Amino acid sequence: MGIPLSKKTRAERKALAAPKMLTAVKAFKEAGANASPWKRTAGGAAAQTAWGPKSSSGGGGKVFSLSGQRKTYLPRDEEYYTIPYDEEPRITVDVTCTICKGFERSAKIQCRVCGRNCHTNCFERRYRGDEQAMEASKRADTEAGWTCADCENLGQLLDEYETSLLMDKFDEYDSDQSTQITLEEYIEFQKDLCLESEGIELSKEREEEERELFGNIDISGDGAINWWEFLTAKSIHFLKKKPKSYVLKQLKPREIKRIRDIFKVNDMSQHGVLDYDEAVKVMKEWMNSVGLESPDGDYSKYLLTSSCVIPWDTFIREHAVTIIAARPNNVGKQHFLPVKRKS
């Protein structure tokens with residue numbers, strides 16, 4: 001939803017404790033009643049960062065890769081966790097309004113991910129003026145459904161180091177401190193990074209790939225990447241590197257039931273196994289059920305395994321990140337779903 005600018009200076013932000021760091025990111029999505037993540041955030045002076053006034057000691061800095069000067073700690077997937085095929089997900093219903101905490105029986109809208117409710121009136125008061133939020137809420141009664149701000153914020157699934165790294169990286173890209181990253185800033189940064197890390201100039205082919213990547217992150221299509229788009233895309237990047245058991249545990253019962261029901265309909269053998277074509281069909285039907293489409297009509301690229309025989313356990317483990325990436329309230333061909341790497 002809205003993403004207001006913090007009044008903290010860069011130096012003060014650095015000094016925040018880790019729990020506060022994560023809470024701050026969550027607040028970007030929930031606190032702004034009059035700002036939209038799709039609109040350009042008010043920038044202010046040239047010394048303004050996405051987090052607040054820039055301190056005299058900030059800015060510049062050495063260009064570094066997305067992984068930073070140190071690698072993110074990735075624990076081994078020691079615990080093999082799986083989601084049973086024949087066990088019905090336990091879905092609970094919380095009738096309490098997440099905004100006012102009341103139980104009144106007035107009209108409510110329900111999150112398709114967590115199932116929590118909020119009164120329609122409470123939602124309209126909180127997000128008055130946010131056209132994107134109001135438009136998204138209209139889908140609550142459709143098959144695609146609506147996602148609450150808490151579930152839509154994928155940054156909550158990262159640890160404090162990853163969150164801090166993304167904040168710094170956003171500031172590195174945003175060279176003019178306008179609180180948005182333009183295509184020109186993005187390409188210029190990639191050229192500097194290539195020259196410094198590899199000692200060569202960015203080739204035309206790689207520049208085209210970076211432009212395509214920019215377009216994938218710029219969901220609104222306004223030619224600039226705001227913090228919400230950046231956080232969502234890079235959260236998916238980090239989740240893909242985490243142990244699969246960790247990502248599986250982040251799935252909600254409603255998400256599991258939706259894709260499992262589609263899997264079962266296409267499981268002709270009823271043994272929890274699909275062939276390749278059936279699996280592609282599952283991906284297409286699942287994407288369409290949450291309101292998403294393939295830009296070019298090719299749904300095979302969203303199937304992240306190339307096996308001829310795909311059991312349920314493999315399917316759900318490989319696509320847990322994909323399911324989470326579908327949480328944001330995007331409808332149509334623009335979305336954050338990962339695709340299979342080109343060979």
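Model, not experiment: these values are computed from the prediction. (Residues numbered from 1 in each chain as written. Predicted model: local features only at pLDDT ≥ 70, side-chain atom pairs only at ≥ 80, totals over all residues. Heavy atoms only, no water.)

Draft legend 1. Layout of the overall build of the protein chain. Secondary structure summary: the protein chain contains 13 helices and seven strands in total. Relative to its full complement of 343 residues, the protein chain shows a buried share of 48%. In the protein chain, 74% of the contacts between residues at least 6 apart in sequence involve partners at least 24 apart. Here the protein chain has roughly 17200 Å² of accessible surface; of this, 51% comes from carbon and sulfur atoms. (Helix = DSSP H or I, 4+ residues; strand = E, 2+ residues; numbered from the N terminus. Buried < 20%, exposed > 50% of the residue type's maximum accessible area, 1.4 Å probe, protein only. Contact = heavy atoms within 4.5 Å. Areas by Shrake-Rupley, 256 points an atom, 1.4 Å probe, with all protein chains shown as cover.)

Draft legend 2. Broad picture of the state of the cysteines. Throughout the structure, instances matching the rule amount to zero disulfides. Among the cysteines around Cys-100, which has no disulfide bond, Cys-97 carries the closest sulfur, lying 3.7 Å off. The cysteine Cys-111 is free of any disulfide, with Cys-114 supplying the nearest cysteine sulfur at 3.7 Å. (Disulfide = S-S within 2.5 Å.)

Draft legend 3. Structural view of the nonpolar core. Counting residues in hydrophobic clusters, the biggest one holds 58 residues, and the most contacted among them are Phe-230, Leu-251, Trp-286, Trp-312, Phe-315, Ile-316 and Leu-337. Contributions of two or more residues to this core are made by α6 (160-173), α7 (183-198), α8 (204-217), α9 (227-239), α10 (244-249), α11 (253-266), α12 (276-289) and α13 (312-325). With sequence-adjacent residues up to four places away left out, Leu-251 is seen in contact with Ile-83, Ile-256, Ile-316, Ala-320, Ile-323, Ile-324 and Arg-327. Residues Cys-114, Phe-123, Ala-133 and Ala-136 belong to the second largest nonpolar core, which totals 16 residues. (Core = buried A, V, L, I, M, F, W, Y, C linked by side-chain atoms within 4.5 Å.)

Draft legend 4. Geometry of the confidence of the model for the protein chain. Per-residue confidence for the protein chain averages 80 on the pLDDT scale, and 76% of its residues sit at or above 70. Note on residues 1-75: pLDDT is under 50 here. Beyond four places in sequence and across chains, it has 179 contacts. (pLDDT = per-residue confidence, 0-100.)

Draft legend 5. Focus on the UniProt feature "domain: EF-hand" (unreviewed entry) in the protein chain. When the UniProt feature table is mapped to this numbering, "domain: EF-hand" (unreviewed entry) covers residues 161-196 and 254-289. Helix makes up 75% of residues 161-196 and strand 6%. Its end C-alpha atoms lie 24 Å apart. Taken end to end, residues 254-289 comprises 75% helix and 8% strand; its first and last C-alpha atoms sit 13 Å apart. (UniProt positions renumbered as here; feature names shortened; annotations may be inferred.)

Draft legend 6. Quick peek at the sheet that holds strand β2 (residues 108-110). The sheet built from three strands is open, its strands ordered β1-β3-β2 with mixed pairing. Across the chains shown, the open sheet's two edge strands, defined by having one partner strand only, are β1 (94-97) and β2. Neighbour to neighbour, the strand axes of the sheet diverge by 35° on average, direction disregarded. Inspection of the sheet shows β1 paired to strand β3 (residues 116-119) by two bridges, in the parallel sense. What sits directly across from Asp-94, in β3, is Arg-116. (Pairing = 2+ DSSP bridges. Axes fitted to C-alpha atoms, helices over the stretch in contact; angles between N-to-C directions.)

Draft legend 7. How the structure looks around a negative patch on the surface. A surface patch of negative charge is lined by Glu-205, Glu-208, Glu-209 and Glu-212. Its location among the elements puts Glu-209 in helix α8. Assessed through its relative accessible area of 54%, Glu-209 is described here as exposed. (Patch = residues over 30% accessible without salt bridge, like charges linked within 9 Å, V, L, I, M, F, W, Y side chains within 5 Å. Salt bridge = Lys/Arg side-chain N within 4 Å of Asp/Glu carboxyl O. Lys, Arg positive; Asp, Glu negative; His and termini not counted. Charge placed at Lys NZ, Arg CZ, Asp CG, Glu CD.)

Draft legend 8. Quick look at the packing of α11 against α12. Two elements in contact, α11 and α12, have axes separated by 9 Å at closest approach and are oriented at 140°. Viewed along their axes, α11 and α12 adopt a mutual orientation that is oblique. Between α11 and α12 the crossing geometry is right-handed. Along its contact with α11, which presents Arg-258, Ile-259, Ile-262, Phe-263 and Asn-266, the element α12 presents Glu-278, Lys-281, Val-282, Glu-285, Trp-286 and Ser-289. In the contact of α11 with α12, the residues fall into five nonpolar, two polar and four charged. (Parallel < 35°, antiparallel > 145°, perpendicular 65-115°, else oblique. Left-handed = near helix turned anticlockwise from the far one by under 90°. Nonpolar A, V, L, I, M, F, W, Y, C, P; charged D, E, K, R; others polar.)

Draft legend 9. Region of the structure containing α11. For α11, with 14 residues, the first-to-last C-alpha span of 20 Å sits near the 20 Å given by 1.5 Å per residue. Along α11, the positions that sit buried rather than exposed are Arg-254, Glu-255, Ile-256, Ile-259, Arg-260, Ile-262, Phe-263 and Asn-266. On its buried face, α11 is in contact with β2, β6 (273-275), α12, β7 (309-311) and α13. (Expected span 1.5 Å × (residues − 1).)

Draft legend 10. Up close: the pattern of salt bridges. Tallied over the entire structure, the rule returns 13 salt bridges. With a closest N to O distance of 3.7 Å, Asp-261 and Arg-260 form a salt bridge. Counted as one network, the salt bridges with shared partners bring together Glu-88, Lys-257, Arg-260 and Asp-261.

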